[in-house]
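Given next are the chains, with one letter for each unit.
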Amino acid sequence: MIGGIIVGPKQLGSGTVVSLIVVRAVGPSLGNLGVADSLQDPTVELHDESGVTIAFNDDWKDSQEAEIEAAQLAPSDNRESAILEPVISGAYTAIVRGKGNTIGVALVEVYLVQ
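The rules we used
- Residues numbered from 1 in each chain as written.
- Predicted model: local features only at pLDDT ≥ 70, side-chain atom pairs only at ≥ 80, totals over all residues.
- Heavy atoms only, no water.
- Salt bridge = Lys/Arg side-chain N within 4 Å of Asp/Glu carboxyl O.
- Helix = DSSP H or I, 4+ residues; strand = E, 2+ residues; numbered from the N terminus.
- Buried < 20%, exposed > 50% of the residue type's maximum accessible area, 1.4 Å probe, protein only.
- Pairing = 2+ DSSP bridges.
- Axes fitted to C-alpha atoms, helices over the stretch in contact; angles between N-to-C directions.
- Polar contact = N/O pair within 3.5 Å; in protein donor to acceptor, adjacent residues only side chain to side chain.
- Contact = heavy atoms within 4.5 Å.

Draft legend 1. Structural detail: the pattern of salt bridges. In the structure shown here, the tally under the stated rule is four salt bridges. Taking the shortest distance from any N to any O, the salt bridge between Asp 58 and Lys 99 comes out at 2.9 Å. Taken together, the residues Asp 58 in the loop between strand S4 (53–57) and helix H2 (65–70) and Lys 99 in the loop between strand S6 (90–98) and strand S7 (107–113) connect sequence positions 41 residues apart. Under the relative-accessibility criterion, Asp 58 is labelled buried at 14%. Salt-bridge contacts for Arg 79 lead to Asp 77; the nearest nitrogen and oxygen are separated by 3.0 Å. By relative accessible area, Arg 79 is classed as partly exposed at 34%. Note on Asp 77: relative accessible area 15%, which makes it buried.

Draft legend 2. Spotlight on the sheet that holds S4. Overall, antiparallel pairing links the four strands, which are arranged S1-S6-S3-S4 in an open sheet. Each end of this open sheet is capped by a strand with a single partner; those strands are strand S1 (2–7) and S4. When strand polarity is set aside, the average angle formed by the axes of neighbouring strands in this sheet is 20°. Here S1 runs beside S6; their pairing, made up of six bridges, is antiparallel.

Draft legend 3. View of the environment of Gln 72. Position of Gln 72 among the secondary structure elements: in the loop between H2 and strand S5 (81–87). Taking the C-alpha atoms as reference, Gln 72 lies 26 Å from Gly 104; in sequence the two are 32 residues apart.

Draft legend 4. Representation of the sheet that holds S5 in the model. As summarised here, the arrangement of the three strands in space is S5-S2-S7, forming an open sheet in which the pairing is antiparallel. At either margin of the open sheet sits one strand with a lone partner, and together these are S5 and S7. Recorded for the sheet is a direction-independent mean angle of 20° between the axes of neighbouring strands.

Draft legend 5. Summary view of the side chain of Asn 57. Inspection of the secondary structure assignment puts Asn 57 in strand S4. Here Trp 60 takes part through its backbone nitrogen, which lies 3.3 Å from a polar atom of the side chain of Asn 57. Reaching out from Asn 57, the side chain makes a polar contact with the side chain of Ser 63 at a distance of 3.4 Å. Among residues more than four places away in sequence, those in contact with Asn 57 are Thr 43, Val 44, Ser 63, Glu 80, Ser 81, Ala 82 and Ile 83.

Quick look at the structure:
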């Protein structure tokens, strides 16, 4: 699955302003909500507008666990993926894949952390 993200400019004075976003790939918890064929082990990649991979995550607790919990955006299943990333204004792409080329229904979510 491919999701497009556009982060608009923030004006807080002069200079480059960074926004903090959380990108999540949800799959296993969808099955708990009755969604058939949910993706059981999603991964998520975040790419900048040049296509360069700037972040990757498989299981969200493997990295940034404390930061994602502090943002109150922790996925409900440990197999789901999440990235907390500072970004400047621009276009980004989130790519969700099944670990080991598995397939299923997934959801990509993007949150702006205030």
